[in-house]
Amino acid sequence: MASESLIAGYATIGQGAGPMIVAERAGIFAKHGLDVKMRLMGGAKGVVRGLMDGEILFGNLAAPALLRAGIEGKSDLVFLTGGINQQFLVGRPRFRRRGELDGGRIGFVGDGGLNDLLVRFIIERFASQGIRASAVQLERGGERGAAPLFDGSCDALVMTPPEAVEALLRGCPFLVDFAALGFNYALGGIAARRRTIEASPDLTRRFVTAYVEGMHRYRTDREFTIKVQQEYSGIADTKVAEGTYDLTRPGMPELPYPVVEALGEALMMMSRDVPGAANADPRSFVDDRFVRELDESGFVRSLG
């Protein structure tokens, strides 16, 4: 099979890009006749822009940027797969339970992305439990990660591994695991333009097949995956890389179907700021035919 070259993008150096980069580093894309170059796009909006401009053909990103672009009529993007998207509400070291956040401040980024969405969601959820918390926008730039929890900027942050693991090792507790609220492996994945899918179904099929096989390698080869995570994310501390893998691996789906229900929940959360979000059909942002083909063919079981 002749090798076909393409560029795939990813939003950040967090865990979400892991399966795609594992597939590339393990030679799985090459096995399926694809010469895939990886490109860091500087956030989910960068992935959306890259897909629409043709800079990349496939991209890994969280859902809100894709949903917003579709609702506003600026894209024809759909999720081909789900992905890894763990999120935690992480508190300052002095906190040990969520009730201590009563009267506290939860930091948010202010870019309209997944972080902001989850901050709004958890503040509303806390309010229904009698815990009054407010949102505070963090200054951009400067040190990343858990710094706002130590400099007094806020009392809690929504974080994802590896940064969440770094914070945990520094004594910051996980106050909420969003997996318990139905958001794990649900609000992101691999996306492409509909025009790409329709023009190149075989290419898309091979990419998705390699991605699913890469996710299988991720799930079953701890040592290799930890090494890859350290390389692409720049994690110097092996404990952080190991903690990221061990936190991510349990519950990872064998077949990464896009989770329509979670996209629907995201649309409802976005509806205050994005006209039309409440009436949008989450199924219109999904094309799971290629994952479904792999499911029906027994592909993952054939990997052993």
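Fair warning: this is a prediction, and the values are worked out from it, not measured in the lab.

Criteria and cut-off values
- Residues numbered from 1 in each chain as written.
- Predicted model: local features only at pLDDT ≥ 70, side-chain atom pairs only at ≥ 80, totals over all residues.
- Heavy atoms only, no water.
- Pairing = 2+ DSSP bridges.
- Helix = DSSP H or I, 4+ residues; strand = E, 2+ residues; numbered from the N terminus.
- Right-handed = clockwise from strand over helix to strand, strands pointing away.
- Axes fitted to C-alpha atoms, helices over the stretch in contact; angles between N-to-C directions.
- Core = buried A, V, L, I, M, F, W, Y, C linked by side-chain atoms within 4.5 Å.
- Buried < 20%, exposed > 50% of the residue type's maximum accessible area, 1.4 Å probe, protein only.
- Contact = heavy atoms within 4.5 Å.
- Salt bridge = Lys/Arg side-chain N within 4 Å of Asp/Glu carboxyl O.
- 1 Å grid on protein atoms, 1.4 Å probe; cavity = no way out; pocket = protein on both sides within 12 Å on 5 of 7 lines; lining within 4 Å.
- Points joined across faces, edges and corners; volume = space filled by probe spheres on them.
- Nonpolar A, V, L, I, M, F, W, Y, C, P; charged D, E, K, R; others polar.
- Parallel < 35°, antiparallel > 145°, perpendicular 65-115°, else oblique.
- Disulfide = S-S within 2.5 Å.
- Phe/Tyr/Trp six-rings, centres within 6.5 Å; stacked < 30°, edge-to-face > 60°.

*Asks:* When you look at the pairing of strand 6 (residues 105-108) in this model, what are you seeing that I'm missing?
*Replies:* Two faces belong to every sheet, and in a regular strand the side chains alternate between them. Where strand 6 lies against strand 7 (residues 134-137), four bridges are found, and the strand directions are parallel. Following the sheet pairing, Arg 105 is matched in strand 7 by Ser 134. With respect to chirality, the unit in which strand 6 leads through helix 5 (residues 114-128) into the neighbouring parallel strand 7 is right-handed.

*Asks:* Looking at this structure, I do not really get the sheet that holds strand 10 (residues 188-193). What am I missing?
*Replies:* The pairing of strands in a sheet happens through backbone hydrogen bonds and is either parallel or antiparallel. One open sheet accounts for five strands, arranged 2-1-3-10-4; its pairing is mixed. Since the sheet does not close on itself, it has two edges, and those belong to strand 2 (34-40) and strand 4 (77-79), each with one partner. Pairwise comparison of adjacent strand axes, ignoring direction, gives a mean angle of 30° for this sheet. Examined bridge by bridge, strand 1 (residues 4-10) and strand 3 (residues 58-62) share three bridges and lie parallel to one another. Its bridge partner being in strand 3, Ala 8 is matched across the sheet by Phe 58.

*Asks:* Would you mind going over the nonpolar core with me for this structure?
*Replies:* Most often, soluble globular proteins have nonpolar side chains that are buried together. Residues Leu 89, Ile 106, Phe 126 and Phe 178 are the most contacted members of the largest nonpolar core, which totals 49 residues. Ranked by the residues each element gives to this core, the list is headed by helix 5, at eight residues. If sequence neighbours within four positions are ignored, Ile 106 has contacts with Leu 89, Val 119, Ile 122, Ile 123, Phe 126, Ala 133, Ser 134, Ala 135, Val 136, Cys 154 and Ala 156. If you look at the next biggest cluster of nonpolar residues, it comprises 43 residues, including Ala 17, Met 20, Ala 192 and Ala 241.

*Asks:* Honestly, the pattern of salt bridges in this entry has me stumped. Any pointers?
*Replies:* Oppositely charged side chains can form a pair if their charged atoms are brought close together. Scanning all chains against the criterion turns up 22 salt bridges. Here Glu 24 and Arg 25 are joined by a salt bridge, their closest N and O atoms 3.1 Å apart. Accessibility expressed as a relative area gives 39% for Arg 25, which makes it partly exposed. With a closest N to O distance of 2.6 Å, Glu 213 and Lys 31 form a salt bridge. Highlighted residues: Glu 213 in helix 9 (residues 201-220) and Lys 31 in helix 2 (residues 28-31), separated in sequence by 182 residues. When its relative accessible area of 9% is taken as the criterion, Glu 213 is described as buried. Residue classification places Lys 31 among the exposed residues on the basis of a relative accessible area of 55%. By sharing partners, the salt bridges in this structure join Glu 4, Asp 202 and Arg 206 into a single network.

*Asks:* Can you help me understand the layout of surface pockets in this one?
*Replies:* The gaps of empty space that remain are located by a probe, the size of a water molecule, rolled over the atoms. In this model, the second largest pocket occupies a volume close to 220 Å³. Considering the residues around the second largest pocket, the lining is formed by 14 residues, among which Phe 108, Asp 116, Leu 117, Arg 120 and Asp 273 are closest to the centre. With five residues, helix 5 is the single largest residue contributor to the lining of the second largest pocket. Of the residues belonging to the lining of the second largest pocket, the class tally is eight nonpolar, two polar and four charged.

*Asks:* Where do I start with the sheet that holds strand 8 (residues 156-159) in this structure?
*Replies:* The sheet built from five strands is open, its strands ordered 7-6-8-5-9 with mixed pairing. Of all the strands in the sheet, the pair left with one neighbour each is strand 7 and strand 9 (174-177). Neighbouring strand axes in the sheet, compared pairwise and without regard to direction, differ in orientation by 30° on average.

*Asks:* What exactly am I supposed to notice about the packing of helix 1 (residues 18-25) against helix 10 (residues 222-233) here?
*Replies:* Between two packed helices, what matters for the description is the angle formed by their axes and the separation of those axes. In the contact formed by helix 1 and helix 10, the axes pass within 10 Å of each other and the chain directions differ by 105°. Here helix 1 is positioned roughly perpendicular relative to helix 10, judged by the angle of their axes. Where helix 1 approaches helix 10, its residues Gly 18, Ile 21, Val 22 and Arg 25 are matched on the opposing element by Phe 224, Thr 225, Val 228, Glu 231 and Tyr 232. A class-by-class count of the residues in the contact of helix 1 with helix 10 yields five nonpolar, two polar and two charged.

*Asks:* What am I meant to see in the state of the cysteines here?
*Replies:* Working definition: the covalent bond between the sulfur atoms of two cysteines is a disulfide. Under the counting rule described, the total for this entry stands at zero disulfides. Considering cysteine sulfurs only, Cys 172 is the nearest to Cys 154, which forms no disulfide, with 9.8 Å between them. Since its relative accessible area comes to 0%, Cys 154 is described here as buried.

*Asks:* Honestly, the packing of aromatic side chains in this entry has me stumped. Any pointers?
*Replies:* For any two aromatic rings, the description comes down to two numbers: the centre-to-centre distance and the angle of the planes. Tallying each qualifying case throughout the model produces five aromatic pairs. Ring centres of Tyr 10 and Tyr 232 lie 6.4 Å apart, and the angle between their planes is 80°; this geometry places the pair in the edge-to-face category. Of this pair, Tyr 10 sits in strand 1 while Tyr 232 sits in helix 10, and the two are 222 residues apart along the sequence. As far as burial versus exposure is concerned, Tyr 10 and Tyr 232 are alike and both buried. Centroid distance Phe 88 to Phe 174: 4.3 Å. Interplanar angle 20°. Geometry classified as stacked. A residue pair is termed long-range when its members are at least 10 positions apart, and Phe 88 in strand 5 (residues 88-91) and Phe 174 in strand 9 qualify at 86 residues.

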